[in-house]
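Each chain, written out:
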Amino acid sequence: MTPAARKQKILAAIVESFISSGEPVGSKSLIDGTGLGVSSATVRNDMAELTAQGYLAQPHTSAGRVPTAQGYRYYVDNVMQQQPLAQVATAYIRDVLSRNAGSPEEILQGAADITERLIGTVALATTPSSEDCRVRKLDFVQTGRHSAMTVMICSNGVIRTRLFRCAFVITPEILGMFDRALNELCAGIRVASIGQPFIQTAAVRFGELSLFMPPALIAIMEAAQAAAAVSVMHSSFSKLLFGSGGVFGRELIEYLQNERELAVMLSRRPQHTAVSIGNENNRVELKNSSLFSTRYSIDGSPSGVIAVITPQRVDYARTIAILEAVAGCAGELIEDWIDIKN
């Protein structure tokens, strides 16, 4: 075994032992557990070199070594053996998510909750990508003599509603007129294009009917703006406070409660499964964390994000396997939901 290969084996053994036990790893346990066939002095020298190179740290003089963020990074990129989740576990995830599959948002909230349950720390999920999202259908529901609700159903499964009020009495005939005229106008239109110019042009197009249209058109515009925005579902924050040995701070919870910033950060995650460790996250709130993310697919294209924030000491291979299984099940259930609604 070359010196480089030996050091890689030592680093892998330290990472895996520390992930399992949480205790610093000494040279004796390495020799006993790895069968390196070299002296303890050689192992200690290799550990010292790995420490000097930034892969390991020594909590105090007489202690063994623990991995650094750089050490975890090397392990994930070069050593870790990734295995898909067992079929029985994937079937369990699918069964749990299927119980609350009334909408894409419910499926994604379930995805965040089951991920937290299996991994043990906060999980996040974003609504499907709105880049090419289009209006599939508009429904109008009367809520009072002068009020009604616009229900916008989008091609990516997102549903948004907005109430509107009219100065005139709303009758079934007026609602029917809204349904016919506004579906003819909006069906197949990109959600992101439904702004003030679109509404103004539509009002002119309707001629005499435009006297009735402004409240409904404004409701459609507001529903479209809401549909175009990425929403973030998250599991409970309680384990961040109480279940991670004090690794996380309250500033992380405050950051996670800022949905706008969180949505921007998650939307920039790669299309493939990715792990960012410590300062790689470019957020001071995540300096002690590892951020895992993957995307669920709709119609074969990567869409929204499923993510989990963990301590750096975590079983990386298992976390990735769970995340990918949850994303796969969530994407399939959202596709099924869209097919049913079509």
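Residues numbered from 1 in each chain as written. Predicted model: local features only at pLDDT ≥ 70, side-chain atom pairs only at ≥ 80, totals over all residues. Heavy atoms only, no water.

A. View of a nonpolar patch on the surface. The grouping of Leu209, Leu211 and Phe212 at the surface amounts to a nonpolar patch, some 280 Å² of accessible area in total. As for its position among the elements, phenylalanine 212 is in the loop between helix 8 (196–205) and helix 9 (214–228). A residue is classified by how much of its surface remains accessible, and phenylalanine 212, at 30% relative accessible area, is partly exposed. (Patch = residues over 30% accessible without salt bridge, like charges linked within 9 Å, V, L, I, M, F, W, Y side chains within 5 Å. Areas by Shrake-Rupley, 256 points an atom, 1.4 Å probe, with all protein chains shown as cover. Salt bridge = Lys/Arg side-chain N within 4 Å of Asp/Glu carboxyl O. Helix = DSSP H or I, 4+ residues; strand = E, 2+ residues; numbered from the N terminus. Buried < 20%, exposed > 50% of the residue type's maximum accessible area, 1.4 Å probe, protein only.)

B. Structural detail: helix 5 (residues 87–98). Along its 12 residues, helix 5 runs 16 Å from first to last C-alpha, staying within 8% of the 16 Å computed at 1.5 Å per residue. All buried positions along helix 5 are accounted for by Ile93, Val96 and Leu97. Looking straight down helix 5, one finds that the buried residues subtend no more than 95° of arc, so they occupy a single side. For helix 5, the exposed residues lying more than 90 degrees away from the buried face are Gln87 and Val88. (Expected span 1.5 Å × (residues − 1). Arc of directions from axis to C-beta.)

C. Looking closely at helix 7 (residues 172–186). The terminal C-alpha atoms of helix 7 lie 21 Å apart, and with 15 residues this matches the ideal 21 Å at 1.5 Å per residue to within 8%. Along its buried surface, helix 7 packs onto strand 4 (135–142), strand 5 (147–154), strand 6 (159–165), helix 8 and helix 9. Just downstream of helix 7 lies glycine 188, where phi reads positive at about 85°. (Contact = heavy atoms within 4.5 Å.)

D. Molecular detail of the sheet that holds strand 3 (residues 123–126). An order of 7-3-10-9-8 is seen for the five strands of this open sheet, with the pairing classed as antiparallel. In this open sheet, the two strands that pair with only one neighbour each are strand 7 (232–234) and strand 8 (274–277). Sheet twist, expressed as the mean angle between neighbouring strand axes with direction ignored, is 20°. By the bridge criterion, three bridges tie strand 3 to strand 10 (residues 301–311) in an arrangement that is antiparallel. Following the sheet pairing, alanine 123 is matched in strand 10 by valine 308. Each of strand 3, strand 7, strand 9 (289–298) and strand 10 is contacted by helix 12 (residues 259–267), which is oriented at about 100° to strand 7, the strand it contacts most. (Pairing = 2+ DSSP bridges. Axes fitted to C-alpha atoms, helices over the stretch in contact; angles between N-to-C directions.)

E. Quick look at the packing of aromatic side chains. Overall, the coordinates contain seven aromatic pairs when judged by the stated rule. Relative to phenylalanine 164, the ring of phenylalanine 140 has its centre 6.5 Å away and its plane inclined at 80°; by these criteria the two rings are edge-to-face. With a gap of 24 residues between them, phenylalanine 140 in strand 4 and phenylalanine 164 in strand 6 connect regions that are remote in the sequence. In this structure phenylalanine 140 comes out as buried when scored by relative accessible area, which is 12%. Between phenylalanine 292 and tyrosine 316 the ring centres are 5.4 Å apart and the planes differ by 40°, which places this aromatic pair in the tilted class. You can see phenylalanine 292 sitting in strand 9 and its partner tyrosine 316 sitting in helix 13 (residues 316–341), a full 24 residues away along the chain. Here phenylalanine 292 matches tyrosine 316 in class, with each residue buried. An aromatic cluster is built from Tyr72, Phe292 and Tyr316, whose rings are joined through pairwise contacts. Between the NZ or CZ atom of arginine 313 and the centre of the ring of phenylalanine 18, over which it lies, the distance is 5.8 Å. (Phe/Tyr/Trp six-rings, centres within 6.5 Å; stacked < 30°, edge-to-face > 60°. Lys NZ or Arg CZ within 6 Å of the ring centre and 35° of its normal.)

F. Structural context of the side chain of threonine 294. Mapped onto the fold, threonine 294 is located in strand 9. In terms of polar contacts, threonine 294 uses its side chain to reach the side chain of threonine 273, at 2.8 Å. (Polar contact = N/O pair within 3.5 Å; in protein donor to acceptor, adjacent residues only side chain to side chain.)

G. Structural context of the pairing of strand 9. Counting buried residues along strand 9, nine of its 10 residues qualify, which places the element largely inside the surrounding structure. Both strand 9 and strand 10 contribute to a ladder of nine bridges, which runs antiparallel. Bridged to phenylalanine 292 within strand 10 is valine 308. Connecting strand 9 to the antiparallel partner strand 10 that follows it, the hairpin turn spans two residues, and aspartate 299 within it adopts a positive phi of roughly 55°.

H. Just the pairing of strand 8, in detail. Judged by which residues are buried, strand 8 turns out to be covered on both faces: Ala274 and Ser276 on one side and Val275 and Ile277 on the other are all buried. Strand direction decides the pairing type here: strand 8 and strand 9, joined by four bridges, are antiparallel. By the bridge assignment, serine 276 is partnered in strand 9 with leucine 291.

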